[in-house]
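Spelled out, the chains give:
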Amino acid sequence: MLNGIHHVAIICADYPRSKAFYTHVLGLKVIAEHYRQARDSYKLDLALPDGSQIELFSFNGAPPRPSYPEAQGLRHLAFKVDDLDVVVAHLQQNNISVEPVRIDEYTGKQYTFFSDPDGLPLELYQVS
């Protein structure tokens, strides 16, 4: 019935800052960018290598996301990576704080967390 995740939608506080983070730091490819004048809002479609997408939105006056303590709803967004150490080093070179690498107690795989410019928890999960 379901074939996979098509996209994840994220609302950001500072559109230029978040656009730079997702395109330059994380290296996601821009599919399309639209300014929606009636809403004074941007919609940026970004592609991941596996075909899934992130929709980055800007909405004036959107409230901040409650993260700590954790709130109900989406907990975090996880990205598959082949070499966790390489990606962690890249993030740190771009002044992104990364939590210590942990081992998933059920799969034995390495993972870690970092945050986007608005504090959205992002996970790196080593699949190989």
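- Where an unreviewed UniProt entry is consulted, the protein appears under the name VOC family protein, with the organism given as Shewanella livingstonensis.

## Overview of the environment of Glu55
Stage number 1. Position of Glu55 relative to the elements: it lies in strand β4 (residues 53-58).
Stage number 2. Taking C-alpha positions, Glu55 is 4.6 Å from Ala9, a pair spaced 46 residues apart along the chain.
Stage number 3. Once residues lying within four places of it in the same chain are set aside, the contact partners of Glu55 are His7, Val8, Ala9, Ile10, Lys43, Leu44 and Asp45.
Stage number 4. A distance of 3.4 Å separates the side chain of Glu55 from the side chain of Lys43, its partner in a polar contact.

## Overview of the side chain of Ser58
Stage number 1. The topology assignment puts Ser58 in strand β4.
Stage number 2. With relative accessibility at 11%, the residue Ser58 sits in the buried group.
Stage number 3. From its side chain, Ser58 meets the backbone nitrogen of Tyr42 in a polar contact 2.8 Å long.
Stage number 4. Apart from residues lying up to four places away in sequence, Ser58 is in contact with Cys12, Tyr15, Ser41 and Tyr42.

## Focus: helix α2 (residues 84-93)
Stage number 1. When α2 is considered as a whole, its buried residues turn out to be Leu84, Val88 and Leu91. For α2, the angular spread of buried residues about the axis comes to 60 degrees, placing them on one side. Set apart from the buried face of α2 by more than 90 degrees, the exposed residues are Asp85, Val86 and Gln93.
Stage number 2. Against the buried residues of α2 lie α1 (15-25), β5 (77-81), β7 (110-115) and β8 (121-126).
Stage number 3. With a side-chain oxygen lying 3.2 Å from the backbone nitrogen of Asp85, the N-terminal cap of α2 falls on Asp83.
Stage number 4. Positive backbone phi, approximately 60 degrees, marks Asn95, located one or two places after α2.

What counts and what doesn't
- Residues numbered from 1 in each chain as written.
- Predicted model: local features only at pLDDT ≥ 70, side-chain atom pairs only at ≥ 80, totals over all residues.
- Heavy atoms only, no water.
- Helix = DSSP H or I, 4+ residues; strand = E, 2+ residues; numbered from the N terminus.
- Contact = heavy atoms within 4.5 Å.
- Polar contact = N/O pair within 3.5 Å; in protein donor to acceptor, adjacent residues only side chain to side chain.
- Buried < 20%, exposed > 50% of the residue type's maximum accessible area, 1.4 Å probe, protein only.
- Arc of directions from axis to C-beta.

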